[in-house]
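Results of the structural survey
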Amino acid sequence: MASRVPKPSTQTPHALVSEGGEPERDRPWIFRTYGGHSSAQASNRLFRDNLARGQTGLSIAFDLPTQCGYSSDHPLARPEVGKVGVPVNSLDDLHVLFEDIPLEKMNTSMTINGTSMWLLALYVALARERGEDPAKLRGTTQNDIIKEYLARGTYIFPPDASMRIIAEMYEYCLEHIPKWNASNVCSYHLQEAGATPAQEVAFALSTAIGVLDLIRERGQFSGDSFATCVGRVSFFVNAGIRFIEEMCKMRAFGELWDEIARERYGVDDPELRRFRYGVQVNSLGLTEAQPENNAWRILLEALGVTLSRDARCRALQLPAWNEALSLPRPWDQQWSLRLQQILAHETDLLEYPDLFAGSPVVASKTEAIKAEARAEIERIDDMGGVRAAVASGYMKSALVRSMAERAARIGRGEQTVVGVNAFAEGLPSPLVGGDDGGLFSVDEAAVREGLEGLEATRRRRDPERARAALDRLRRAAERDENMMEASIECALARVTTGEWADALRGVFGEYRAMTGIEGQSLGLRGRRADEVTRRVETLSRRLGRRPRVVVGKPGLDGHSNGAEMIAVAARDTGFDVIYSGIRLTPEEIVHTAVEEGADLIGISVLSGSHLELAEDVMARLEEAQAGDDIPVVFGGIIPEADIASLTRRGVRRVFTPKDYELVQVMDAIAEVLEEREARAT
Amino acid sequence: MQRGEQDLVEGAVALAKAPLGRLVSIFEDARPGAAAKRKRVHAALSAHPRRREASFIGVTGAPGSGKSSLVGELALRLAAADTDLAVAVLAVDPSSHRSGGALLGDRTRVRLPAGERRLFFRSQSSGLELGGLGRASFQVCRALRHLFDVVFVETVGIGQSEIEIRVLGDATLVVMPPLAGDHVQFMKAGLMEIPDVLAVHKSDQGEPAEVTYRTLKATLDLSHAGDGTPAPAVVKTSVETGAGLAELCAELRSRAERRRGSFADKEAYFFEGWIRGEFGRYGLRRLPAIGGTAAEFLAASGGFDDAQAAFARALLGDDAPGWSP
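Residues numbered from 1 in each chain as written. Chains lettered and ligands numbered in written order. Predicted model: local features only at pLDDT ≥ 70, side-chain atom pairs only at ≥ 80, totals over all residues. Heavy atoms only, no water.

1. A look at the overall build of chain B
- Broken down by element type, chain B carries twelve helices and eight strands.
- Taking 20 Å as the expected radius of gyration for a compact globule of 325 residues, we find that chain B reaches 20 Å, a close match to that expectation.
- Taken along the three principal axes of its C-alpha coordinates, chain B extends 65 × 45 × 40 Å.
- Looking at the 325 residues of chain B, the share that counts as buried comes to 56%.
- Pairs at least 24 apart in sequence give 75% of the contacts found in chain B among residues at least 6 apart.
- On chain B, roughly 13200 Å² of surface is accessible, and the fraction owed to carbon and sulfur atoms is 53%.
- With 40 positive and 39 negative side-chain charges, chain B shows a separation of 4 Å between the mean positions of the two kinds. (Helix = DSSP H or I, 4+ residues; strand = E, 2+ residues; numbered from the N terminus. Rg over C-alpha atoms; globule rule 2.2 N^0.38 Å. Buried < 20%, exposed > 50% of the residue type's maximum accessible area, 1.4 Å probe, protein only. Contact = heavy atoms within 4.5 Å. Areas by Shrake-Rupley, 256 points an atom, 1.4 Å probe, with all protein chains shown as cover. Lys, Arg positive; Asp, Glu negative; His and termini not counted. Charge placed at Lys NZ, Arg CZ, Asp CG, Glu CD.)

Written as structure tokens, this is what we have:
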């Protein structure tokens, strides 16, 4: 393939020529759209439509139950099924998902981490059953667990077991599916969590080093085969609105990776030292206000990773203009895809060699990022590598600090966000005026179909074969044998996603990440904070003890920052806060509140499942005869239109991103408790 | 006793969560008026035909030693091994000295099955008390005593006055993370008086755990040689691998049986503690004149709740406002 890539002409520096000396254009990057929702059937339709519109690779979004290793009918899973991606319960679902899509011709990227091995096993099993050659499969399993611990939250097993899974997938893929990227080291989510360009580069490269060091230590590869393994490491990068800096960041990434591959791992072949990367451009900077402006932001961000030929991405997926409001509808995705097509096919971008080679500005900026990143990589190395830097909380707190600084800069107006802290006055957007308000909603009928499919799979399968396959998987896990073949057999035997993950939970245990809230303080001070604290003191005297507030996150979305900030703020204003963590069922939350004799429940939801969860929590409180005793408040990404429905269900207050003033939230919580006292007397 | 209180006691004895949760709240209530209610509920509990008699296991250890997750594991194991056994955990976390509020995060590390009646978990803030326990910890233990067979009381951490947990616990467990040699020397100075059992936790970490274990074992055997008291047991444990947990359960239960203290002694100690907290040294100086020793005064007053009211009356006069039980 490399030989077909045109070279810069020696006669005319601005032209590209083929091997035979003919003028030529570069081939475009792979166009992807991140998608999947409701059910395997619905997502298959979406994929085929997108391919028909000129998309050239698939990028699959899985729903949270699939990502966290639960089948759709698990109590934790039910409200989340089909919400942020497609549910996959068994090989039967994968058959439906890829119906009429030729696997051998497809380049498939799966955003999957905790259950990455399972999804790859399903994909291989699918190829086998369809009579296609698994060795020809191309694509990527995201499989970067470090950033899950740091930012994204869909981990299942403890770090050692998770890293072993990644290493085993590299070992399997290199032998059996040579074109598959076993993992895709992600800097994407680090930027979304607040990372600066240098942090993004350093943390991602440190993660890659962590994976490769482990593989080298395991000793399956040496010499050339280890060099090939280094060559299989690929990256998934973010591109923000400061697009010149982002372009320099990409050059810094490439040059540092080359350096690491050469110096740390002794890779001689420059082809194997290439920094191969795909991109999803930034979502953090997309705004809810004047959402149409996001279209321009996405365009500029795309330029950052395409303009410079030497640092151009291999695959690009763009978010949709309304991402800050909801999941994209098919039309929104098509609009983003058209941007890529215009950029690659209408403009002259692909006709030139690198435009920035020799630019002193670009070279200097790139060097500056490299120097800062190199120092950070060394610091992490000194701590004992990326696993130690995660375990000690070093990386997490560095990200939290950067994020807080960003928020403060925007708050002070030092960083301009058009439509938010500048030029906020504008005409109403006609784009959000349609019947659906510019929002996507899940197809409930399709979700039900999926659940029936799961039932049918369990009914039809050979139970003996399924049991034996799970036993084999457990044995492989216990004996430190590669678990890929056992997982493929599980897939063929119609084991479900929940069963596969449960078997390994039994062996490895389940990881509970550090909450990161111990020892944190938000420094809530000032007159208004003092007033709230006094209000809580008065309440304490009336109650005979400090008011006890249970804070928890039901469902599977792991974005715990909001809940943690509320917990810390409540402590800082004088409440006793029972923080019960993430991934809770409504039953567990109500159980905690009842057992702890709580005065109030605060629930944080970002996955869009707030209505179902509120319904469930309120019903269970009634059942426990605590409906009146324990008021409930909700916080999270909750559309204006749903607030009334929540209030009707008995929720006392609803906080949305507009309520970013924590003191005000605490004041409102104290008020809810005063109202309760007034009712009681 | 009122109808509602009767139902509450019946529900709690049957280990239903909602009445249990409410009943414990009564024992945390610092309003003067709560004492009478507490007395009625406590009387009903201690006379109930299906009451239990708990042994108390105090658990302490430095922050980060993994004591919360270890206690959760132990509770699960005890309940699984004996289907009649009811186990409660009372976990105390520190309060902020600035706001007075507290972040009680132990539930993120201990997850007991919501549907199991025989397991109960309660978080508590330490308030501004100095020891490892909270203002209401002993009060709550008075209730849990009749409701459960085993009560784990997890303290804030190693502080200045672990003696409280030594008195409350029939057995005391100190949880230690694997430490470097120097640290072991440092830690053991303040620790040797407290434990019946020492768990060298996170033993899956290998060598450091081994070193800690050997150092502790050698020191403890030496310091207890010849003085007649049994040396503390030292057990290597890991929640990850399950190592040592069965042994630890057995040690704790047998030592709690052997050393089991009378509850009256505990009451006397914590009654004095209450006087000190509420009335300071002045209160303690007046105690002999008002009623002799704490134990004598408790016996003469007819129980903890009445003794508090009687003492406050004796000290402050009949109206006795401004104190909390």
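That covers the picture; the talk isn't over yet.
2. As for the interface of chain B and chain A
- Counting from both sides, the interface comprises 32 residues of chain B and, opposite them, 44 residues of chain A.
- Interface area for chain B against chain A, summed over the two sides, is near 2900 Å², with a carbon-plus-sulfur share of 43%.
- Summed over the shared surface of chain B and chain A, the number is six salt bridges.
- Salt-bridge contacts for Glu588 of chain A lead to Arg111 of chain B; the nearest nitrogen and oxygen are separated by 3.9 Å.
- At the boundary of chain B with chain A, the tally comes to 24 residue pairs in polar contact (both at pLDDT 80 or more).
- Mapped onto the side of chain B that touches chain A, the elements with two or more residues apiece are helix H2 (17–28), strand E3 (102–104) and strand E4 (119–125) of chain B.
- Ranked by residues supplied to the side of chain B that touches chain A, first place goes to E4 of chain B with seven residues. (Buried area = accessible area lost by both parts, 1.4 Å probe. Salt bridge = Lys/Arg side-chain N within 4 Å of Asp/Glu carboxyl O. Polar contact = N/O pair within 3.5 Å; in protein donor to acceptor, adjacent residues only side chain to side chain.)

3. Description of the nonpolar core
- Of all hydrophobic cores here, the largest spans 165 residues; its most connected members are Phe98, Leu205, Phe235, Trp257 and Phe575 of chain A.
- Residues in contact with Leu205 of chain A, not counting those within four places in the same chain, are Phe235, Phe253, Leu256, Trp257, Ile260, Phe275 and Ile377 of chain A.
- Counting 50 residues, the second-largest nonpolar core is a separate cluster that includes Ala143, Phe279, Leu287 and Phe297 of chain B. (Core = buried A, V, L, I, M, F, W, Y, C linked by side-chain atoms within 4.5 Å.)

4. A look at the packing of H2 of chain B against helix H3 (residues 34–46) of chain B
All names here are of chain B.
- Relative orientation of the contacting elements H2 and H3 amounts to 130 degrees, with a least axis distance of 9 Å. Comparing the axis directions of H2 and H3 gives the class oblique. Where H2 crosses over H3, the two elements pack in a sense that is left-handed. Seen from H2, the contacting residues are Leu23, Ile26 and Phe27; seen from H3, they are Lys37, Arg38, Val41, His42 and Leu45.
- Across the contact of H2 with H3, the residue classes tally to five nonpolar, one polar and two charged. (Axes fitted to C-alpha atoms, helices over the stretch in contact; angles between N-to-C directions. Parallel < 35°, antiparallel > 145°, perpendicular 65-115°, else oblique. Left-handed = near helix turned anticlockwise from the far one by under 90°. Nonpolar A, V, L, I, M, F, W, Y, C, P; charged D, E, K, R; others polar.)

5. Some remarks on the environment of Thr155 of chain B
Residues and elements named next belong to chain B.
- When you line up the elements, Thr155 lands in the loop between strand E5 (150–154) and helix H6 (163–168).
- Owing to a relative accessible area of 2%, Thr155 belongs among the buried residues under this scheme.
- Taking C-alpha positions, Thr155 is 19 Å from Lys202, a pair spaced 47 residues apart along the chain.
- Non-local contacts of Thr155, meaning those with residues more than four positions away in its chain, are made with Val59, Thr60, Lys67, Val92, Gly132, Leu133 and Ile165.
- Within polar-contact distance, the side chain of Thr155 engages the side chain of Thr60 at 3.0 Å.

6. Section: the sheet that holds strand E3 (residues 30–32) of chain A
Residues and elements named next belong to chain A.
- Strand order in the open sheet formed by five strands is E3-E12-E11-E10-E9, and the pairing between neighbours is parallel. If you trace the sheet from one side to the other, it starts and ends with E3 and strand E9 (184–186), each paired once. Neighbour-to-neighbour, the strand axes of the sheet open up by a mean angle of 25 degrees, direction not taken into account.
- Bridge analysis of E3 against strand E12 (residues 315–317) gives three bridges, and the strand direction is parallel. (Pairing = 2+ DSSP bridges.)

7. Considering the side chain of Ser540 of chain A
Residue and element names in this part refer to chain A.
- Mapped onto the elements, Ser540 comes out in helix H20 (residues 527–543).
- Judged by relative accessible area, which is 11%, Ser540 ranks as buried.
- Excluding residues that lie within four positions of it along the chain, Ser540 makes contacts with Arg545, Arg546 and Pro547.

8. Side note on the confidence of the model for chain B
Residue and element names in this part refer to chain B.
- Across chain B, pLDDT averages 87, with 91% of residues at or above 70.
- At the level of individual helices and strands, chain B shows its lowest average pLDDT in helix H7 (residues 181–191), which scores 56, and its highest in helix H5 (residues 137–147), which scores 97.
- Reported confidence for the predicted complex is 0.92 by ipTM and 0.79 by pTM. (pLDDT = per-residue confidence, 0-100.)

9. Some points on the environment of Gly194 of chain A
Residues and elements named next belong to chain A.
- One can find Gly194 in the loop between helix H7 (188–192) and helix H8 (197–218).
- By relative accessible area, which is 9% here, Gly194 ends up buried.
- Linking Gly194 and Leu300, residues 106 residues apart in sequence, is a C-alpha distance of 19 Å.
- Excluding anything up to four places from it in sequence, Gly194 contacts Gln199, Ser402 and Met403.

10. Regarding a negative patch on the surface
- A cluster of acidic residues, Asp443, Glu444, Glu449 and Glu452 of chain A, forms a negative patch at the surface.
- Of note, Asp443 of chain A is situated in the loop between helix H15 (394–411) and helix H16 (444–460). (Patch = residues over 30% accessible without salt bridge, like charges linked within 9 Å, V, L, I, M, F, W, Y side chains within 5 Å.)

11. With respect to the packing of aromatic side chains
- Taken as a whole, this structure holds 30 aromatic pairs over all chains when the rule is applied.
- Where Phe271 of chain B meets Trp274 of chain B, the ring centres are 5.6 Å apart and the plane angle is 25 degrees; that geometry is what we call stacked. One end of the pair is Phe271 of chain B and the other is Trp274 of chain B, both in helix H10 (residues 263–291) and three residues apart, which spans about a single turn. Of the two residues, Phe271 of chain B and Trp274 of chain B, both sit in the buried class.
- Through a chain of ring-to-ring contacts, three or more aromatic side chains come together here, namely Phe56, Phe138, Phe263, Tyr269, Phe270, Phe271, Trp274, Phe279, Phe297, Phe304 and Phe311 of chain B.
- Here the guanidinium or amino end of Arg505 of chain A rests over the ring plane of Tyr70 of chain A, the centre of that ring lying 4.4 Å away. (Phe/Tyr/Trp six-rings, centres within 6.5 Å; stacked < 30°, edge-to-face > 60°. Lys NZ or Arg CZ within 6 Å of the ring centre and 35° of its normal.)

12. Some words on helix H18 (residues 484–492) of chain A
All names here are of chain A.
- Burial analysis of H18 places eight of its nine residues in the buried class, which makes it a mostly covered element.
- Buried residues of H18: Met484, Ala486, Ser487, Ile488, Glu489, Cys490, Ala491 and Leu492, and no others.
- Buried residues in H18 make contact with helix H3 (91–97), helix H4 (116–130), helix H6 (159–176), helix H17 (463–478) and helix H19 (497–508).
- Positive phi appears at Arg494, one or two residues downstream of H18, with a value of about 65 degrees.

13. Here we look at the sheet that holds strand E6 (residues 107–111) of chain A
Residues and elements named next belong to chain A.
- If you walk across this open sheet you meet the five strands as E4-E5-E6-E7-E8, and the pairing is parallel. Only two strands of the sheet have a single neighbouring strand rather than two, namely strand E4 (34–35) and strand E8 (180–181).
- Both E6 and strand E7 (residues 138–141) contribute to a ladder of four bridges, which runs parallel. Within E7, the residue paired with Asn107 across the bridge is Arg138.
- Packing of H4 onto the sheet brings it into contact with E6, E7 and E8, and relative to E6 it is tilted by some 150 degrees.

14. As for the pairing of strand E16 (residues 632–636) of chain A
Residue and element names in this part refer to chain A.
- When you tally the buried positions in E16, you get five out of five residues, the bulk of the element.
- Side chains Val632, Phe634 and Gly636 project from E16 onto one buried face, and the interleaved Val633 and Gly635 project onto a second face that is buried too.
- Here strand E15 (residues 600–605) runs beside E16; their pairing, made up of five bridges, is parallel. Bridged to Ile603 within E16 is Phe634.
- Running through helix H24 (residues 640–648), the crossover from E16 to the neighbouring parallel element strand E17 (residues 653–655) is right-handed. (Right-handed = clockwise from strand over helix to strand, strands pointing away.)

15. Details of empty space enclosed by the protein
- Scanning the model with the defined rule gives five cavities of 30 Å³ or more in all.
- In this structure, the largest cavity encloses a volume near 170 Å³.
- Lining the largest cavity are 17 residues, with His591 and Thr592 of chain A together with Arg107, Arg111 and Leu112 of chain B sitting closest to its centre.
- When residues of the lining of the largest cavity are traced back to their parent elements, those giving at least two are helix H22 (586–595) of chain A together with E4 of chain B.
- Sort the elements by how many residues they give to the lining of the largest cavity and H22 of chain A lands first, with four residues.
- For the lining of the largest cavity, the class distribution of residues is eight nonpolar, three polar and six charged.
- For the second largest cavity, the calculated volume is near 60 Å³.
- Taken together, Asn113, Gly114, Asn143, Ile145, Ile156, Phe157, Ser162, Ile165 and Ile166 of chain A form the lining of the second largest cavity.
- Per element, the largest residue contribution to the lining of the second largest cavity is three residues, and it comes from H6 of chain A. (1 Å grid on protein atoms, 1.4 Å probe; cavity = no way out; pocket = protein on both sides within 12 Å on 5 of 7 lines; lining within 4 Å. Points joined across faces, edges and corners; volume = space filled by probe spheres on them.)

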